[in-house]
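Here is what each chain is made of, one letter per residue.
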Amino acid sequence: MLIKKKPTWQLSENDVTDEALMHSRRDFMMMAAAVAGASAIGGVPLSAADERVLKALAYKSGANDLSREITDRSAATGYNNFYEFGTGKSDPAKNAHTMKVSPWTVEVEGHVEKTGKYDLHDLIDFNTLEERIYRLRCVETWSMVVPWIGVPLSAILSKFNPTSNAKFVQFETLADPKSMPGISSRVLSWPYVEGLRMDEAMNPLTLMAVGMYGKELPNQNGAPMRLVVPWKYGYKSIKSIVKIKFVSKQPRTSWGGYSNREYGFYSNVNPEVDHPRWSQKTEQRIGEFRRRDTLMFNGYGGEVAELYKGMDLRKNH
Ligand SMILES: Nc1nc2c(c(=O)[nH]1)N[C@H]1C(S)=C(S)[C@@H](COP(=O)(O)O)O[C@H]1N2
Ligand SMILES: [Mo]
């Protein structure tokens, strides 16, 4: 008999809702409801529309191991990698407010039937937002646990009807020299690009996030939409996406261009494969002093190990 394992982000049915958390999240829920066209909710508590959004977000806290380990919001929004705004960890929080995130247009190209330019709200159904508590692990050995809000990437990609030639998908970040002081530096190639194999992109764990901690994404975390690919190193989770391109060959990535030896295309979290400049066996949660053992696939092996069956994970690092 095939026993389907419960995904790690799915919380059990009898979890209790935490009132306090729920209230701090009202702003975002209201925004989501407003986007969904329910304009009559202003100030009226728990209208039908409000309730619907609340249900869609399915807030259940204190439920699994990860929710007990949630990183302080101030750490997750104040210690960032977003090189377009500088290479220092506090640069993005300082500089990213200059990026204009509304309106936001995304260009869809390549091997799909429905290429074109889409508004953010055509891509994401704000009625179906989910909260998922995921670990994020930077290649630089720090990690954090964040309550992300978003939709499965598969729900977005399938809208465009990919053809059988679409084997990989490439994503591109906004590159605006006026609002992004970091792109005058040649540290990476701009625009920032990343890619996934089609089956990785369609895996139910892969999330297109529009919010975190019950609110819209702060600019420094990749507003208005960014990927979260929890079994891969953080740099695969590309921010502020303006282009999605369906391609037949493994696409170029910005970090691969920086050093292919250090940053492979797959970039699965793997304690057994050292980064050329440091060991990846342990990691440190932001805000903790002790080091933890790094988990294969960042702890999501039950859901994704299958994708790499038969591949040499040292070669395909
Ligand atoms: N466009 C863009 N996306 C990016 C980056 C970047 O520099 N530019 N940095 C990546 C890296 S290295 C990490 S670890 C994560 C960090 O996400 P966070 O700042 O939300 O923690 O974003 C990733 N996405
Ligand atoms: Mo990173």
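Residue indices begin from 1 for each chain and proceed along its sequence in written order. Written order decides the labels, with chains lettered from A and ligands numbered from 1. Given that this is a predicted model, residues contribute local features only at a pLDDT of at least 70 and side-chain atom pairs are listed and counted only at 80 or more, while totals for whole chains, interfaces and linings are drawn from all residues. To obtain the side-chain values, all non-hydrogen atoms of the structure were included, while hydrogens and water were left out.

**A closer look at the confidence of the model for the protein**
1) Next: Here pLDDT means the predictor's own confidence in every residue, given as a number from 0 to 100. Considering every residue of the protein, the mean pLDDT works out to 85; 79% of them sit at 70 or more.
2) Next: When the criterion is pLDDT under 50, residues 1-24 qualifies, and its contacts beyond four places in sequence or with other chains add up to 30 contacts.
3) Next: Within the model, pLDDT remains below 50 along residues 34-63, and this stretch shows 57 contacts once partners closer than five positions in the same chain are excluded. Contacts are assigned to residue pairs that have any heavy atoms within 4.5 Å of one another.

**Looking at the sheet that holds strand 6 (residues 193-197)**
1) Next: Any two strands with at least two DSSP-identified bridges between them are counted as paired. Helix numbers and strand numbers start at the N terminus; a helix is a DSSP run of H or I with at least 4 residues, a strand a run of E with at least 2. One open sheet holds the five strands; their spatial order is 2-1-10-5-6, and the pairing between them is mixed. The open sheet has two edge strands, strand 2 (116-119) and strand 6, and neither has a second partner. On average, each strand axis in the sheet is inclined to that of its neighbour by 20°, with strand direction left out of account.
2) Next: The pairing of strand 1 (residues 105-110) with strand 10 (residues 241-247) spans four bridges and is parallel. Bridging across to strand 10, V108 finds its partner in I244. Here the axes come from fitting lines to C-alpha atoms, over the contacting stretch only for helices, and the angles between their N-to-C directions go from 0 to 180 degrees.

**With respect to the site of ligand 1**
1) Next: For ligand 1, the set of nearby residues contains 17 residues, the closest of which are N80, Y83, E84, M144 and K239.
2) Next: Pairing of N or O atoms within 3.5 Å defines a polar contact, subject to two protein rules: one partner must be a possible hydrogen donor and the other a possible acceptor, and residues neighboring in sequence count only if both atoms are side-chain atoms. Between ligand 1 and the protein, one listed contact pairs an oxygen atom with a backbone N or O atom of Y83 at 2.8 Å.
3) Next: Between ligand 1 and E84, the relevant distance is 2.8 Å, taken from a nitrogen atom to a side-chain nitrogen or oxygen of the residue.
4) Next: Coverage of ligand 1 by the protein amounts to 99% of the 530 Å² it exposes when considered alone.
5) Next: A pocket, in this scheme, is an open set of points on a 1 Å grid over the protein atoms alone with protein on both sides within 12 Å along at least 5 of 7 lines, while a cavity is a set where a 1.4 Å probe fits but cannot get out; residues line either one if an atom lies within 4 Å of a point. For a molecule to be placed in a cavity or pocket, more than half of its atoms must lie within 2 Å of the grid points of that cavity or pocket. Taking a 2 Å distance to the grid points as the criterion, the majority of the atoms of ligand 1 fall inside the largest pocket.
6) Next: Its residues placed into classes, the shell around ligand 1 shows eight nonpolar, six polar and three charged. Nearness here has a simple test: a residue counts as near a molecule or strand if at least one of its heavy atoms is within 4 Å of that partner. Note on areas: Shrake-Rupley, 1.4 Å probe, and residue coverage restricted to the protein chains presented here. Any residue outside Ala, Val, Leu, Ile, Met, Phe, Trp, Tyr, Cys, Pro, Asp, Glu, Lys and Arg is labelled polar, Gly included; the first ten of those are nonpolar and the last four are charged.

**Thoughts on the nonpolar core**
1) Next: Among the buried residues, those of types Ala, Val, Leu, Ile, Met, Phe, Trp, Tyr and Cys that are joined through side-chain atoms within 4.5 Å form a nonpolar core. Relative accessibility under 20% of the residue-type maximum defines a buried residue, over 50% an exposed one, and the middle range a partly exposed one, all with a 1.4 Å probe and only protein chains included. Counting 75 residues, the largest nonpolar core has I124, W148 and F246 as its most contacted members.
2) Next: Counting residues per element, this core draws most heavily on strand 4 (residues 142-152), at six residues.
3) Next: When neighbours within four sequence positions are excluded, I124 is seen to be in contact with L129, V151, I156, M208, V210 and M225.

**Some remarks on the side chain of N219**
1) Next: With respect to the element layout, N219 can be found in the loop between strand 8 (215-216) and strand 9 (226-228).
2) Next: On the basis of relative accessibility, which here comes to 15%, the residue N219 falls in the buried class.
3) Next: In this structure the side chain of N219 is engaged in a polar contact, spanning 3.2 Å, whose partner is the backbone oxygen of M99.
4) Next: Other than its neighbours up to four places away in sequence, N219 contacts F82, A96, H97, M99 and V101.

**Observations concerning the pairing of strand 4**
1) Next: Most of strand 4 is tucked away: 11 of the 11 residues are buried.
2) Next: Where strand 3 (residues 130-137) meets strand 4, eight bridges bridge the pair, whose relative direction is antiparallel. Each residue of the ladder has a partner; that of E131, found in strand 4, is I149.
3) Next: Between strand 3 and strand 4, which pair antiparallel and follow one another directly, the connecting turn spans four residues, one of which, T141, has a positive phi of 70°.
4) Next: Direction of pairing for strand 4 relative to strand 11 (residues 282-285): parallel, over a ladder of two bridges. The residue of strand 11 that forms the bridge with W142 is Q284.
5) Next: Bridge analysis of strand 4 against strand 7 (residues 207-212) gives five bridges, and the strand direction is antiparallel. Opposite W148, over in strand 7, you have M212 as the bridge partner.

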